[in-house]
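Next come the chains, spelled out residue by residue.
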Amino acid sequence: MTRLHVVPARLDTSHQEAPLTVHEDVAATTPELLHARHYVKLVRMAALMIDDRYQAEEVVQDAFAQLFSRWSTIDPAKALGYLYRSVTNGSHSALRRRRIVRSVPRDVPEVAPGADAPVLRAAGFETLLGAVAKLPARQREVLVLRYFSELSVADTAAALDITPAAVAVATHHALKSLRQSKEQLS
Amino acid sequence: MNDPLEDELRAAFAAAAGDVQPAPHRPTATRAVVPAGAGGRRRWALPLLAAAAAAAVVVPLAIWAGGNAGGDSQAARQGPAPAGLEFSGDTASVAGVRFPVPATWTAAVTGQGEGAKSVVVCVAAAPGSDCADGVSMTIAVADAAGAFQPVPDPGVGGCEWIQLLDVAQQLGGRSAIATSIGCTADGPRSLSWYMADGSLSVVAASDALADQADQIVAGLDLSAWSVKGGTPIATVSSSASR
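What you see is a predicted model, and the numbers here were worked out from it, not measured in a lab.

Looking only at helices and strands, chain A features 8 helices and 1 strand. Taken from N to C terminus, the helices and strands of chain A fall in the order β-α-α-α-α-α-α-α-α. Out of the 186 residues in chain A, the part that is buried amounts to 47%. In chain A, the share of contacts with a sequence separation of at least 24, taken over all contacts with a separation of at least 6, comes to 65%.

Non-glycine residue aspartate 161 of chain A carries a positive phi angle of around 60 degrees. Summarising the element assignment, aspartate 161 of chain A is placed in the loop between helix 7 (153–160) and helix 8 (164–185). Unlike most non-glycine residues, threonine 104 of chain B shows phi in positive territory, near 70 degrees. Note on placement: threonine 104 of chain B falls in the loop between strand 3 (97–100) and strand 4 (106–112). Threonine 104 of chain B sits in the exposed class, given a relative accessible area of 73%.

Looking now at the sheet that holds strand 3 of chain B. Backbone-to-backbone hydrogen bonds pair the strands of a sheet. The strands run either parallel or antiparallel. Residues and elements named next belong to chain B. The sheet built from 3 strands is open, its strands ordered 1-2-3 with antiparallel pairing. One side of each edge strand has no neighbouring strand; the edge strands of this open sheet are strand 1 (86–88) and strand 3. Along the sheet, successive strands turn relative to each other by an average axial angle of 25 degrees, direction set aside. Pairing geometry for strand 2 (residues 91–94) and strand 3, over 4 bridges, is antiparallel. Bridge pairing in strand 3 links alanine 92 to phenylalanine 99.

In this section: helix 4 (residues 210–218) of chain B. Counting buried residues along helix 4 of chain B, 7 of its 9 residues qualify, which places the element largely inside the surrounding structure. The complete set of buried residues in helix 4 of chain B reads Ala210, Ala213, Asp214, Gln215, Ile216, Val217 and Ala218 of chain B.

This brings us to the packing of aromatic side chains. Under the counting rule described, the total for this entry stands at 1 aromatic pair over all chains. Across from the ring centre of tyrosine 147 of chain A, 5.8 Å away, lies the NZ or CZ of arginine 146 of chain A, which sits over that ring.

Turning next to helix 7 of chain A. All buried positions along helix 7 of chain A are accounted for by Asp155, Thr156, Ala157, Ala159 and Leu160 of chain A. One or two steps after helix 7 of chain A, the chain reaches aspartate 161 of chain A, where phi turns positive at roughly 60 degrees.

What follows is about the nonpolar core. Of all hydrophobic cores here, the largest spans 54 residues; its most connected members are Met45, Phe64, Leu143 and Leu178 of chain A together with Leu9 and Phe13 of chain B. Elements with a contribution of two residues or more to this core: helix 1 (31–50), helix 2 (53–69), helix 3 (79–103), helix 5 (126–133), helix 6 (137–148), helix 7 and helix 8 of chain A together with helix 1 (4–18) of chain B. Ranked by residue count, the leading element in this core is helix 1 of chain A, at 10 residues. For leucine 178 of chain A, the residues in contact, after removing those within four places along its chain, are Leu128, Ala131, Val132, Leu135 and Leu143 of chain A together with Leu5 and Leu9 of chain B. The next biggest cluster of nonpolar side chains, apart from the first, holds 41 residues, and it includes Ala92, Val109, Met137 and Leu171 of chain B.

In this section: the packing of helix 6 of chain A against helix 1 of chain B. Contact geometry for helix 6 of chain A and helix 1 of chain B: axes closest at 9 Å, N-to-C directions at 90 degrees. Considering the angle they form, helix 6 of chain A stands roughly perpendicular to helix 1 of chain B. For the pair helix 6 of chain A and helix 1 of chain B, the contacting residues are Leu143, Val144, Tyr147 and Phe148 of chain A in the first and Glu6, Leu9, Arg10, Phe13, Ala14 and Ala17 of chain B in the second. Along the lines of polarity and charge, the residues of the contact of helix 6 of chain A with helix 1 of chain B split into 8 nonpolar, no polar and 2 charged.

Looking now at the confidence of the model for chain B. All names here are of chain B. Within chain B, residue pLDDT values average 69, and 56% of them lie at 70 or more. Predicted confidence in chain B is weakest over helix 3 (residues 74–77), with a mean pLDDT of 36, and strongest over strand 3, with 91. Confidence drops under a pLDDT of 50 for residues 26–43, and excluding neighbours within four residues, the segment shows 33 contacts in the predicted structure. Per-residue pLDDT stays below 50 along residues 65–82; that stretch engages in 18 contacts with residues further than four places along the chain or on separate chains.

This brings us to the state of the cysteines. All names here are of chain B. Counted according to the given criterion, the structure contains 1 disulfide over all chains. One disulfide bridge connects cysteine 122 with cysteine 131, the sulfur atoms lying 2.1 Å from each other. Taking the sign of the S-S torsion, 85 degrees for the link of cysteine 122 and cysteine 131, the bridge is right-handed. Like cysteine 122, the residue cysteine 131 is buried in the burial classification.

Helix-helix packing is characterised by the crossing angle of the two axes and by the distance between the axes. Contact geometry for helix 1 of chain A and helix 4 of chain B: axes closest at 10 Å, N-to-C directions at 20 degrees. Here helix 1 of chain A is positioned roughly parallel relative to helix 4 of chain B, judged by the angle of their axes. You can see that helix 1 of chain A and helix 4 of chain B cross each other, and the crossing is left-handed. The residues of helix 4 of chain B that touch helix 1 of chain A, namely those facing Leu33, Ala36, Arg37, Lys41 and Arg44 of chain A, are Asp211, Asp214, Gln215 and Ala218 of chain B.

A word on the environment of arginine 98 of chain A. Residue and element names in this part refer to chain A. As for its placement among the helices and strands, arginine 98 is situated in helix 3. Residue arginine 98 is classed as buried on the basis of its relative accessible area of 16%. The spatial distance from the C-alpha of arginine 98 to the C-alpha of isoleucine 50 is 9.5 Å, given a sequence separation of 48 residues.

Let's shift gears to the pattern of salt bridges. Under the criterion given, the structure shown has 7 salt bridges over all chains. One salt bridge connects arginine 10 of chain B with glutamate 150 of chain A, and the closest N-O pair in it is separated by 2.8 Å. In this pair, arginine 10 of chain B sits in helix 1 while glutamate 150 of chain A sits in the loop between helix 6 and helix 7, so the two residues belong to two different chains. The class for arginine 10 of chain B is partly exposed, based on a relative accessible area of 23%. Between aspartate 3 of chain B and arginine 179 of chain A there is a salt bridge, with the nearest N and O atoms lying 2.0 Å from each other. Placement of the pair is aspartate 3 of chain B in the segment before helix 1 and arginine 179 of chain A in helix 8, with the two residues belonging to separate chains. Salt bridges sharing partners connect three or more residues here, namely Glu150 of chain A together with Asp7 and Arg10 of chain B.

Rules used throughout
Residues numbered from 1 in each chain as written. Chains lettered and ligands numbered in written order. Predicted model: local features only at pLDDT ≥ 70, side-chain atom pairs only at ≥ 80, totals over all residues. Heavy atoms only, no water. Helix = DSSP H or I, 4+ residues; strand = E, 2+ residues; numbered from the N terminus. Buried < 20%, exposed > 50% of the residue type's maximum accessible area, 1.4 Å probe, protein only. Contact = heavy atoms within 4.5 Å. Pairing = 2+ DSSP bridges. Axes fitted to C-alpha atoms, helices over the stretch in contact; angles between N-to-C directions. Phe/Tyr/Trp six-rings, centres within 6.5 Å; stacked < 30°, edge-to-face > 60°. Lys NZ or Arg CZ within 6 Å of the ring centre and 35° of its normal. Core = buried A, V, L, I, M, F, W, Y, C linked by side-chain atoms within 4.5 Å. Parallel < 35°, antiparallel > 145°, perpendicular 65-115°, else oblique. Nonpolar A, V, L, I, M, F, W, Y, C, P; charged D, E, K, R; others polar. pLDDT = per-residue confidence, 0-100. Disulfide = S-S within 2.5 Å. Left-handed = near helix turned anticlockwise from the far one by under 90°. Salt bridge = Lys/Arg side-chain N within 4 Å of Asp/Glu carboxyl O.

Take a look at the structure:
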């Protein structure tokens, strides 16, 4: 079966999945609309950052809770950027809390990986995802924002509240580490 | 040219994220969500869960009752659907394919292919057999051996033009093609997605329904689907002007 009459000269991407730029240009943006369009993606993004879907859901719910409560003070055109920043901050805090718990010795029980960890290790990508999991949090966040959320360098920088140069550096170091991991394993 | 590692990362993230299907939460009941304080953070969660549980019971019953009341509905004429439609909060599933149901919308099985080899679902505010105001999905049903018959490509046959949107679309983590199609001379425009192996199609009746269609497509969960993939049959082979 083939598809004919394709019109590449009139490519129109306006109806693809919701745009992933953090400056969504939607005059009629409402928090409900943002929730409907971006909740699932943000949970998935957070889950990739912190490797725990339930904690990821909490992070995203908190971000939306803040968005709803502060909606009157937020520029709708920047609301999606606000959400990305909230979720990345929340994810970062969750990872930091987890590190603190793990650094406490002995009588505090070890925090086991999320029950979904095996699921997150999607078939065929265990090695790569395992290497990503070992990266410093900032590098991992940059990779998720750049290669999962497909944010530009500038938007990634805005979401993480760092400079574009820092994003470029973090990306470079992360990719270098991943290449080295792959070489060592091969 | 992209770095192969970057492409691999995209694929790995997409595959891993595809398994993450968050439970539905829709904090629209109140704007007065308390942002801080452990006790107040998710005070809407319990009422929402209760409402979702009630909806999970009431909505299927209402649809079942409505289907029976119709008497001569298409589904009734064709006998029981090959797989029942099940609701869980803001999602529904049929034949193992789980999808989000947009706010204020519902879903109904509106038909099935010959020999029960596919099932047609309409997701809309008021699902009808033609699904003229909603998003319809045609889902292949695998036989005992896991084989399936491709469902019709919404972009083939009777359509005047097709506008390619994305040849690398993902439906539930699987390869698909997204198009905008016009099946009559003066519209309406429609949006369609077609799984590369022909196992599933999604059609929004008009591009005014793009948001809802995007939501459904983005939230597709195929992990419980008996169709595990097949040989790609949908290819973009030529170009022509509209």
